[in-house]
Amino acid sequence: MNIVNREDRFQWFLSIAYGPNNPTFRSDFWDELNYLRLQSPLPWILAGDFTVIRFQDEEKGGSPLTRSMQDFSNFIEDQSLIDLPLQGALFTWSTGQFPDPIMSRIDRFLLSLEWVDKYPNVLQLALTKPTSDHIPLLLDTFDVGWGPPPFRFFTWWFSIDGFLDRLEENFGPLEKKISEVDESLNAFVLIEQARSLTPSEVIEKGKVQAELDKLLVMKEIAKRQQSRQTSIKLGEKNTGFFHSFACASRRANSIMCLKDSDGNFITEREDIKKNIIDFYSNLYNEDFDMRPGMNHDWFSKLSQEEADNLELPFSEEEIWEAVKSLGQERAPGPDGYPLVFFKRCWSFLKVDLIAMMQEFFETRFSLSF
């Protein structure tokens, strides 16, 4: 079913599935869904009762790992679908038998990467159970509305030729660059279908293909940094894997509800913001100036020379060793620059960084953000 959203005219493809109860028919079921996906290039939502769980904890009391469960997971991975976590319930179906009903999570939404790109804050919510033995599910594309995202420095920028010499240039969005180069490559493909390419066109096509390959590597690095998953090596084509982690992290970091000091639940965005500000304002506010005392006569004391050395300005070597010892993609603050930026750009950044440290020792300025 092709669907067009009224507000933004976004087009996507919806499929409703009901899986077979007999495990012997499930292989044909996955093949049919694979064929169904080939019928439309649009972003895809596959939803329904699959009559099979994915993980052992998706059945009350646990379940042994079966071939059907493995095939279900393989299908999701082969189609690069996002299996959203379920919020509000552990299971979606129950026999309702008293006193020990069978319960499992056999219903779910599965989303293509393109669909999640369009609605990155999407949630899968369990609603109140009606008379049916299945819990209704809601796919919520809520707008968090917390303001514009902060600046972030992406490490794939270092893959651009001459980047260190052109740091102040304005780089366009990576997806746009990929789309433009992909269109150029498709133009050569269309020509090739009509006639043979000339020698110069073959050379130019090779250059465009090489440029596209480089951009795709940049995209993989960007997705890895967004997901904060660094255990998988680059070059393994795990863009979908990293993308799913980035979306999951974004959803996990979303604040949809808070409980205030009186035990009341807050759901309105502005009320949540105000409650957070008030909480930390009160947390770091003191009503008294009392401080504990300490008898320090029995502590070992530094010599005068050792005490003087503690107040010496940092040397260039000390600062560089500190920078090198930190993780590659960890940002030191809300400015969005990971440590790899300072490492790669040390040759021309060190003057400013050393000057900042020197000013710290001379004026004791605040390093707060």
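Source: prediction; values computed, not measured.

Enquirer: Could you give an account of the pattern of salt bridges, naming the residues involved and the relevant values?
Expert: Using the criterion set out here, one finds 12 salt bridges in the structure. Its salt-bridge partner being aspartate 71, residue arginine 67 comes within 3.1 Å of it at the nearest N-O pair. With a gap of four residues between them, arginine 67 and aspartate 71 both fall in helix α2 (residues 67-78), about one helical turn apart. Since its relative accessible area comes to 61%, arginine 67 is described here as exposed. In this structure aspartate 71 comes out as partly exposed when scored by relative accessible area, which is 22%. Put simply, lysine 324 and glutamate 321 hold a salt bridge, and the shortest N to O gap is 3.2 Å. With a gap of three residues between them, lysine 324 and glutamate 321 both fall in helix α9 (residues 316-324), about one helical turn apart. Its relative accessible area of 39% is what places lysine 324 among the partly exposed residues. Among the charged side chains, a salt-bridge network with shared partners connects Arg54, Glu58, Asp83, Arg105 and Arg108.

Enquirer: Which residues make up the sheet that holds strand β9 (residues 123-126), and what values do they have?
Expert: Within the open sheet, the three strands sit side by side as β5-β9-β10. Their pairing is mixed. At either end of the open sheet lies a strand with only one pairing partner, and these are β5 (86-87) and β10 (137-140). Bridge analysis of β9 against β10 gives four bridges, and the strand direction is antiparallel. Counterpart to glutamine 124 in the pairing with β10 is leucine 139.

Enquirer: An account of the packing of aromatic side chains is needed here, citing residue identities and associated values.
Expert: Enumeration over the complete set of coordinates arrives at 10 aromatic pairs. With centroids separated by 5.7 Å and ring planes inclined at 85°, the aromatic side chains of tryptophan 12 and tryptophan 115 adopt a geometry described as edge-to-face. One end of the pair, tryptophan 12, is in strand β2 (residues 11-18); the other, tryptophan 115, is in helix α3 (residues 113-118), and 103 residues separate them in sequence. Comparing tryptophan 12 with tryptophan 115 shows no difference in burial state: the two are buried. Within the aromatic cluster, the residues linked to one another by ring pairs are Phe29, Trp30, Phe50, Phe72 and Phe75.

About the criteria used
Residues numbered from 1 in each chain as written. Predicted model: local features only at pLDDT ≥ 70, side-chain atom pairs only at ≥ 80, totals over all residues. Heavy atoms only, no water. Salt bridge = Lys/Arg side-chain N within 4 Å of Asp/Glu carboxyl O. Helix = DSSP H or I, 4+ residues; strand = E, 2+ residues; numbered from the N terminus. Buried < 20%, exposed > 50% of the residue type's maximum accessible area, 1.4 Å probe, protein only. Pairing = 2+ DSSP bridges. Phe/Tyr/Trp six-rings, centres within 6.5 Å; stacked < 30°, edge-to-face > 60°.

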